Amino acid sequence: MLTQAFYTGLAGVRSNQFAIDVTSDNLANISTTGFRGSEYEFASLFEDAINTSHSLNSSTVGIGSRIQATALKEAQGSLELTDRSTDLAILGNGWFGTQGANDPIYTRDGAFTFDANSDLVSQDGAYVLGTIGGNISDDDTLTEIIDEVPLGNVGTQEKLRFPSTLTYPPVASTTASFIGNIGTTDDLRTMSAGVIDPENNRNNLELIFTKATNQVPPGIQWDVIAKTKSLDEQTTYDTQEGFVEFDSQGSLLSSTFTTIDNNGVDVTIDLGTGFNGVLSNNTAISASSSANGTIGGDLVGYSINKNADVLATFSNGFQSSVGKIAVYHFQNDQGLERINGSKFQESSNSGRPLFYKDSDNQNIIGVDIANFKLEGSNIDMTYGITELIILQRSFDANSKSITTADQMMQKALNMDA
């Protein structure tokens, strides 16, 4: 029995020391961004069943405990506000991927930033993995507006690199539409619309209505001069003359206008039809216009939204997604192998990384991403210190049992002498 007491005490000292190490590591990383702590699990060593004359139930005598396993704590860490849109926190299960030396490294630490080469990187310079939108040309010009970049397959994820200078190209106007009422009196009426030319200039398309000298009742006829000019009115690109006719109720019957040149691009002049467009009646005078086309812009900066899309914002107010950050999932998160701190790699226990699928079998990140936030450690200081006190006392008790068994053995040996 004395030998058994030694084994029991030694087993307790070893298992409690390991548990103290685990808890101490958790507490040491309480300020580590994205850290997920470990939990220890004890198991009994060999036991012998015994029967006592005082009880009908069997009892056991064992020789202590051992550490069965350590398991990853999967609780969400607290969210901390930051001042950078590239600081990200995953709201739910999932892992960011960064490019390791050979295999990807998985982390909950979303403290990302753009480096000097406009690569999205972690704090230690590792490239963040994701899907490139493919809507940037070789000359750093946006070729298409994308609301959300589709997430590619797991094996196709790559480092996210974006140009530091990106241009939103101008889209020249091709149609200008006019709506309003020019009245019936013999007064000069004007309407105008802003139109974009191929050189990214915003020009003015002006219509000047003059009541025709020879009127043919019952309707009303107007002569119209159309001009495209620069906003400073120093350059006139084109002048066209036309004729419009309205019926007795002021509804547009016909127009001879087709197109007008705007510094190299033809713009269709749309006066509408019937009562939908320009009118000529006794109601209140009004005028409004619209034109397609977009003024070009330069890159203001990049940001990341809750869908993990990297958004490029331009000086003309437009935005477009240019990439998506990948969020990986595993069949068994607790099977991931910790490298250090908040970094993990896949193992045979975790299984291969995968992406969630939507109802259309398209890859999705499956969670929301919070920007301007970072996920803190999921270790609670109070709980960790309490566990450390309990384990330390258990360690002391097992140490005491070894000392007691030694003293008892010494007395037994002395009695035998």
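The paragraphs below set out a description of the structure included in this document. From a predicted model like this one, the values you see are computed outputs, not experimental measurements.

### Details of the overall build of the protein chain
So, point 1. Looking only at helices and strands, one finds two helices and 35 strands in the protein chain.
So, point 2. Sequence separation of at least 24 residues holds for 64% of the intrachain contacts in the protein chain that already meet a minimum separation of 6.

### Comments concerning the sheet that holds strand β31 (residues 343-345)
So, point 1. If you trace the five strands from one edge of the open sheet to the other, you get β29-β7-β8-β31-β30, paired in antiparallel fashion. Of all strands in the sheet, those with a lone pairing partner are β29 (327-328) and β30 (337-340), marking the two edges.
So, point 2. Where strand β7 (residues 95-98) meets strand β8 (residues 105-107), three bridges bridge the pair, whose relative direction is antiparallel. Within β8, the position partnered with Phe 96 by the bridge is Thr 107.

### Observations concerning the pattern of salt bridges
So, point 1. Applying the stated criterion to the full structure yields 10 salt bridges.
So, point 2. Residues Glu 148 and Lys 324 are paired through a salt bridge, measuring 3.0 Å at the closest nitrogen-oxygen approach. Note that Glu 148 is positioned in the loop between β12 (129-132) and β13 (158-159) and Lys 324 in strand β28 (residues 319-325), a separation of 176 residues in sequence.
So, point 3. The partner of Glu 233 in a salt bridge is Lys 229, and the shortest N-O contact between them spans 3.8 Å.

### Notes on the environment of Val 171
So, point 1. Here Val 171 shows up in the loop between β14 (167-168) and β15 (175-181).
So, point 2. Dropping the residues within four chain positions of it, Val 171 is found in contact with Ile 196, Gly 293 and Thr 294.

What counts and how
Each chain carries its own residue numbering, running from 1 in the written order of its sequence. With pLDDT at 70 or above as the cut-off, local features in this predicted model cover only qualifying residues; side-chain atom pairs require 80 or more to be listed or tallied, and sums for whole chains, interfaces and linings still use all residues. Just so you know, side-chain values use all the structure's heavy atoms and leave hydrogens and water out. Counting from the N terminus, the helices are the DSSP runs of H or I reaching at least four residues and the strands are the DSSP runs of E reaching at least two. Two residues qualify as a contact provided that any one of their heavy atoms is within 4.5 Å of a heavy atom in the partner residue. Pairing between two strands requires that DSSP report at least two bridges joining them. For salt bridges, the criterion is a side-chain nitrogen of Lys or Arg within 4 Å of an Asp or Glu carboxyl oxygen.

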